Amino acid sequence: MSFSPEQSGAIRHGDGPALVIAGPGSGKTAVLTNRIRYLIEEKGISPEQILTITFSKAAALQMRQRFDSLCEDKHYPVRFGTFHSIFFEIIHRQYRYNTGDIATLKQKREYMRTALARTGICPDAENELIDGLLKDVAYYKNRNENVTVESDTNIGEKDFARIYRAYRDIQIAAHKIDFEDMLLMVRNLFVKHEDVLETYRRRYRYILIDEYQDINDIQFDIVRMLAAPLNNIFAVGDDDQSIYGFRGSRSELMLGFTDFYPNSCKIELAVNYRCADKIIEAAGKVIACNKERFDKRIRGTDRSEGIAMLLAFEGREKEDEWIEDLLRQKAGSERETAVFLRTNREASRYAEICRNAGIECDMKEAVYNPYNSMAYKDIYHYLWLAEYVENELDKSGERRDAMSGRMAQMIRMERLQSVQEIKPPVVQLFPVMNKPLRYLNRRNILCDTVSIDGLKDIYCDKTYMEKVLDSFAGELLNMTDMDMYSRVNYIRRGIGYDEYVMNNVAQNKDAYDEYMETADWIQERVRHFRDVSELDRYASQYEEIMAMDADDDDKSPASSDNGCIRIMTYHASKGLEFDSVILPHLNEGSVPHKKSTGDIQTEEERRMFYVAMTRAKEELYMTYVSGTSGDKEHKCMPSRFILPLMEK
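What you see is a predicted model, and the numbers here were worked out from it, not measured in a lab.

Looking at where Glu346 falls in the secondary structure, it is placed in helix α15 (residues 344-356). Owing to a relative accessible area of 14%, Glu346 belongs among the buried residues under this scheme. In this structure, Glu346 is in contact with Arg316, Leu341 and His585, ignoring residues within four places of it in sequence.

Following this line, the structure appears as structure tokens:
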């Protein structure tokens, strides 16, 4: 195998620290594996003294296999592993922890639920809040327990500190650890026991780290201690692909490598062997807008110009239609095609588009099911009640003549009285009867069906309730003459369900935006259904699709049949490559994500987009909406990330 001068220089680097800046498709795995062979076969380093660290089990296994193949299956005992597996091995030897001592997600949720109850903070928290707090705990530990957590859960700093202490006490009492604890324990072990640290220093004299841009503070501290004083650390990564800030990783640790190691060697692998020239050019224009980065001049091999196309559409529906047509052309081809979206929610949306069009697709991550959301369930119950009332009025032969003036008023009063006599099942009424608040208590309703008149009898001693219930009846009547889309719009804005969610349900600063996104999606989807029963059947089928997808959780894109369209998030695309890549809906609010605020988060979002772009080998299609969104009120703006591509 031939190497470029830069690759050869990295492979044959001598002792001391080295930073290898490896851009997309630059052959970094070949450099790593060949360097290990060089250390063993040409420098005479014992294989047992070489430690190679990756960030995933799959990457460690792949590198081990490629190294063994390169060395013609000599099976040199080089240690390949993730940070967690290597550090767990250390605490297993020192403290006798075993895999049964690692807390499961279910156990961690229970510990957090108990901590919330013990502190009196949100004792009835749902899984969404609990999972958010568990992410905050992991981030706090990964940042060496030395950072202010800017939580999405709206839990204040002081309350978080109380919750964290309670959670840790419960976890310790249960003799359980998590992955982040492994890092803390090894760091503390090395700080307090110089003899133990020295043992591992003698054992691992050469340390190679893949994807160095993803390192976090505590991992960095441990590696620094372990590599000293020889500092034979060989760090390979790309600061432009640092996309795991939510896990505590910081690209600054890579950018500051030469400050931490002043005598280090810096090598840039600037040739992209994967992407066609136009894709490299487009991706370069995008990432150049980031300020906190190494300046690079990535170049291709001139093997192909390729396609890097940016397309605008008047509306989301037109954009979807064009992408669907393109996917029909790509489906069944031996050339691999992928669609990348910023969020799992958006990825699931395109998986649904493919399935409805009969296009075979594969979702790498678990499919997000909007039909399980609170927004859908509440809107569904309202739609069911509206349809039930409409059907009951039709059965009774109530007049629906289009009249004006006094006659129309009389007909409406007759219909309103009929609505108040209709008895829908309480199982459909209970979920929404106080959304918005109507002061109804299910404990006062003892039968299986109840009418508005019946509710008036129950609350006859509350004079204000007659007006509340008359208004409720009027809302149900108003929906009888609407189509499905108009009913959802009326539920949200006429009845005031959107406002109810904003004032009473949103547990954090982003929950309302997430609700709005789901509700907008539902409102658009109901256009395709004639009635509630048809919608209900489809939602049930969606659940079956979810179950089938769950059976294929272990299936990776690489193992799927050719011709199957791959759909995944930007994060999940990391490390993969495809002949053709489609990046839809590059609009503000989607890319970058609306939760991203400030320069640091925006730069990480741009790096994420850069990662997605550079997965494409030959064809890159990028689309955005230039008109309005589905509600016809919101003007869609192109993502700031694609503005450099729009310049002539």
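Picking up after the structure, the text goes on.
Attention shifts here to the pairing of strand β2 (residues 50-54). In terms of residue burial, β2 counts as a mostly covered element, since five of its five residues are buried. In β2, alternate side chains face the same way, and those of Ile50, Thr52 and Thr54 on one face and Leu51 and Ile53 on the other are all buried. Where β2 lies against strand β4 (residues 206-209), four bridges are found, and the strand directions are parallel. Across the sheet, residue Thr52 finds its bridge partner in β4, namely Leu208. Both β2 and strand β3 (residues 79-82) contribute to a ladder of four bridges, which runs parallel. Across the sheet, residue Thr52 finds its bridge partner in β3, namely Phe80. Following the chain from β2 across helix α3 (residues 57-70) to the adjacent parallel β3, one finds a crossover that is right-handed.

Glancing now at the sheet that holds strand β5 (residues 233-237). Within the open sheet, the six strands sit side by side as β3-β2-β4-β5-β1-β6. Their pairing is parallel. On the outer flanks of this sheet lie β3 and β6 (265-269), each paired with one strand and no other. Each strand of the sheet is rotated relative to its neighbour by a mean of 15 degrees, with strand direction disregarded. The pairing of strand β1 (residues 18-22) with β5 spans four bridges and is parallel. Bridging across to β5, Val20 finds its partner in Val236.

About the thresholds
- Residues numbered from 1 in each chain as written.
- Predicted model: local features only at pLDDT ≥ 70, side-chain atom pairs only at ≥ 80, totals over all residues.
- Heavy atoms only, no water.
- Helix = DSSP H or I, 4+ residues; strand = E, 2+ residues; numbered from the N terminus.
- Buried < 20%, exposed > 50% of the residue type's maximum accessible area, 1.4 Å probe, protein only.
- Contact = heavy atoms within 4.5 Å.
- Pairing = 2+ DSSP bridges.
- Right-handed = clockwise from strand over helix to strand, strands pointing away.
- Axes fitted to C-alpha atoms, helices over the stretch in contact; angles between N-to-C directions.

As far as function goes, none of this settles anything; it's purely spatial.
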